[in-house]
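Analysis of the macromolecular model
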Amino acid sequence: ALSLPNLCLWRPPPPQLGNQAASGQPPSRWDSTGRCADHFCIYANHGFAGGRGMVTITTNSNLKRLKKMFDDPNAHGSSLTAPPPFHLAEIKGKGLGLVANTTLRRGDRLMQVPPAVLIHRSFLEELPAHAQIPLLEAAVTQLPAPLQQAFLSQMSHSDPNHEQHEYHSLAHKISAILATNSFQLDLGGGGGLGGQHYANYPHASRFNHDCRPNVVFHLDPRTLAHTTTVVRDVQPGEELAISYLDSLEPRAARQARAQQVWGFKCSCAQCMLGEKEAAKSDRRVQEILQIERKLEDISSKGVNGELLERLVRLYQEESLDAKVAGAYTLVALNYNMLGDAKKAGKYAKLAHEAVVMERGETAGDAEAMRVLAENPKGHFTWRRRLQR
Ligand SMILES: C[S@@+](CC[C@H](N)C(=O)[O-])C[C@H]1O[C@@H](n2cnc3c(N)ncnc32)[C@H](O)[C@@H]1O
């Protein structure tokens with residue numbers, strides 16, 4: 001059995017994501033370790049993120065993308081609230097989790113962290129275990145000691161009690177950690193095996209799941225950063241949680257997926273609603289989906305201000321604060337199509353703010369909503385529903 005490292009309590013990583021090495025740190029450079037399987041090789045960067053380090057198992061074309069990415073001086077923006085406004089704590093029935101230290105407001109940034117490990121999706125999904133095992137072990141041992149410890153202290157759902165679980169091998173433990181704690185990250189640019197990876201962020205892995213979360217996250221394919229933002233007011237002592245699932249799915253489907261993929265029975269407040277309340281919630285979500293389908297179709301009849309305000313209200317009643325970007329976007333565009341510039345501007349601003357939180361500054365809709373908010377009457381959607 002492996003001896004497990006002590007749990008690594010939260011310590012903010014250095015603020016840079018990219019090339020600039022802090023003084024005394026190794027330079028940021030992608031070194032080949034010479035270990036490969038099929039099209040995939042291990043590349044380690046000991047100077048990444050100011051000496052925090054990072055390792056990837058990827059293809060040559062993706063290595064080129066990474067190199068290019070961190071040659072771009074604009075790719076290095078990163079910030080972290082230090083000291084963080086939360087702490088790590090044992091949460092009954094969930095293992096560890098993050099708890100607010102102070103009152104937090106919608107829009108407050110929690111952390112922006114670089115990945116420790118980035119693994120090509122085809123490596124994990126298509127290569128046989130015997131080809132993966134030696135590379136997974138070699139890759140993790142390339143990480144600088146503190147990050148290696150943070151990586152190995154992550155929970156895996158086959159190991160809810162951490163210390164008590166015995167793994168057959170280091171590779172087994174690494175696979176289990178990756179399965180529980182990875183985020184999909186597409187570096188873009190199709191070709192060959194494509195840019196899809198699984199990225200692991202040991203500090204961001206401590207967020208537990210909630211079907212109506214108070215925190216939203218997004219990954220930036222230009223910097224690899226994982227960013228988390230508070231989406232509604234949070235009181236000190238409240239747990240900070242993200243959603244692992246599609247919040248607009250019915251309760252039974254969400255619970256089945258939580259069990260199947262992460263091995264837990266979801267007992268968040270939304271899942272613990274009584275039968276009557278849960279059915280009411282499922283009906284509200286059904287209505288949300290119906291209204292949105294209607295708003296997406298320019299030929300729909302019966303689109304008016306009342307319907308648009310109803311959609312906004314349903315999101316509020318459902319506490320879907322982490323998923324409002326799409327709804328605000330549709331509402332802004334439809335107000336504009338109905339010739340209401342004031343409301344279109346108001347919702348375009350809200351949509352822009354929500355898109356930035358949910359998908360990042362570079363998401364296409366962020367720019368689109370900024371443009372609409374600036375000049376509704378000059379927008380191509382102006383009065384479009386009235387001209388039909
Ligand atoms: C990404 S980790 C979250 C952090 C983890 N609790 C820890 O101690 O490091 C995911 C695992 O946490 C647990 N978990 C997350 N959200 C949960 C919830 N709402 N209820 C019960 N367990 C949860 C599950 O075991 C899941 O597989």
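Residues numbered from 1 in each chain as written. Predicted model: local features only at pLDDT ≥ 70, side-chain atom pairs only at ≥ 80, totals over all residues.

Notes on the site of the ligand
Short version of the rule: Should the C-beta atom of a residue, placed from the backbone, lie within 6 Å of a molecule or strand, that residue is near it. Note on conventions: DSSP H or I runs of at least 4 residues are helices, E runs of at least 2 residues are strands, and numbering of each starts at the N terminus. Under the scheme applied, nonpolar residues are Ala, Val, Leu, Ile, Met, Phe, Trp, Tyr, Cys and Pro; charged residues are Asp, Glu, Lys and Arg; polar residues are all the others, including Gly.
Every one of the 21 residues lining the ligand counts as a neighbour, but Gly95, Leu96, Met155, His157 and Asn208 are closest to it. Mapped onto the shell around the ligand, the elements with two or more residues apiece are β5 (95-100), α6 (170-181) and β10 (208-209). When residues in the shell around the ligand are grouped by element, the largest group, 3 residues, is from β5. The residue makeup of the shell around the ligand, split by class, is 7 nonpolar, 12 polar and 2 charged.

Re the environment of tryptophan 30
For the record, the criterion: Here a residue counts as buried when 20 or more other C-beta atoms sit within 10 Å of its C-beta, as exposed when there are 12 or fewer, and as partly exposed otherwise, the C-beta atoms being derived from the backbone. Throughout, a residue-residue contact means that the two C-beta atoms, derived from backbone geometry, are no farther apart than 7 Å.
With respect to the element layout, tryptophan 30 can be found in the segment before β1 (31-37). Here tryptophan 30 falls in the partly exposed class, since 19 other C-beta atoms lie within 10 Å of it. For the pair tryptophan 30 and phenylalanine 151, spaced 121 residues apart in the sequence, the C-alpha separation amounts to 20 Å. Setting aside residues no more than four positions away along its own chain, tryptophan 30 makes contact with Tyr43, Asn45, Leu63, Leu66 and Lys67.

Some points on helix α12 (residues 364-374)
Let me state the cut-off plainly: As used here, the arc belongs to the directions running from the helix axis to the C-beta atoms.
Within α12, burial applies to Ala366, Met369, Leu372 and Ala373. All buried residues of α12 lie within an arc of 130° about the axis, which places them on one face of the element. Of the exposed residues in α12, the ones pointing more than 90 degrees away from its buried face are Gly364 and Glu374. On the buried face of α12, the contacting elements are α10 (325-337) and α11 (341-359).

Points about the confidence of the model for the chain
Using the following cut-off: On a scale of 0 to 100, pLDDT captures the predictor's confidence in every residue.
Here the chain shows a mean pLDDT of 89. Residues at 70 or above account for 87%. In the predicted structure, residues 1-21 sits below a pLDDT of 50 and forms 61 contacts with residues beyond four places in sequence or in another chain. Taken together, the chains of this predicted complex give a pTM of 0.90 and an interface ipTM of 1.00.

Some thoughts on the environment of threonine 56
Counting through the fold element by element, threonine 56 comes out in strand β3 (residues 54-58). With 26 C-beta atoms packed within 10 Å, threonine 56 lands in the buried category. In sequence terms threonine 56 and valine 140 are 84 residues apart; their C-alpha atoms lie 9.3 Å from each other. Discounting residues that sit within four places of it in the chain, threonine 56 has contacts with Tyr43, Leu66, Leu118 and Ile119.

Topic: the packing of helix α4 (residues 129-141) against α6
The description of two packed helices rests on the angle between their axes and on the distance between the axes. Heads up, the rule is: The axes used here are C-alpha line fits, helices contributing only the stretch in contact, and every angle between their N-to-C directions lies in the interval 0 to 180 degrees. Each angle is binned into one of four classes, with values under 35 degrees roughly parallel, values over 145 roughly antiparallel, values of 65 to 115 roughly perpendicular, and all other values oblique.
At a closest axis distance of 9 Å, the pairing of α4 and α6 adopts a crossing angle of 80°. Relative to α6, α4 is oriented roughly perpendicular. Judged by residue contacts, Ile133, Leu136, Glu137 and Val140 of α4 engage Leu170, Ala171, Ile174 and Ser175 from α6. A per-class count over the contact of α4 with α6 returns 6 nonpolar, 1 polar and 1 charged.

Examining the pairing of strand β13 (residues 239-242)
Here is the rule we go by: Here a strand pair is declared whenever DSSP counts at least two bridges between the two strands.
Relative to β13, β5 is paired through 2 bridges, and the arrangement is antiparallel. Of the residues in β13, the one forming a bridge with leucine 98 is leucine 240. Here β10 pairs with β13 via 2 bridges, running parallel. Across the sheet, residue histidine 209 finds its bridge partner in β13, namely isoleucine 242.

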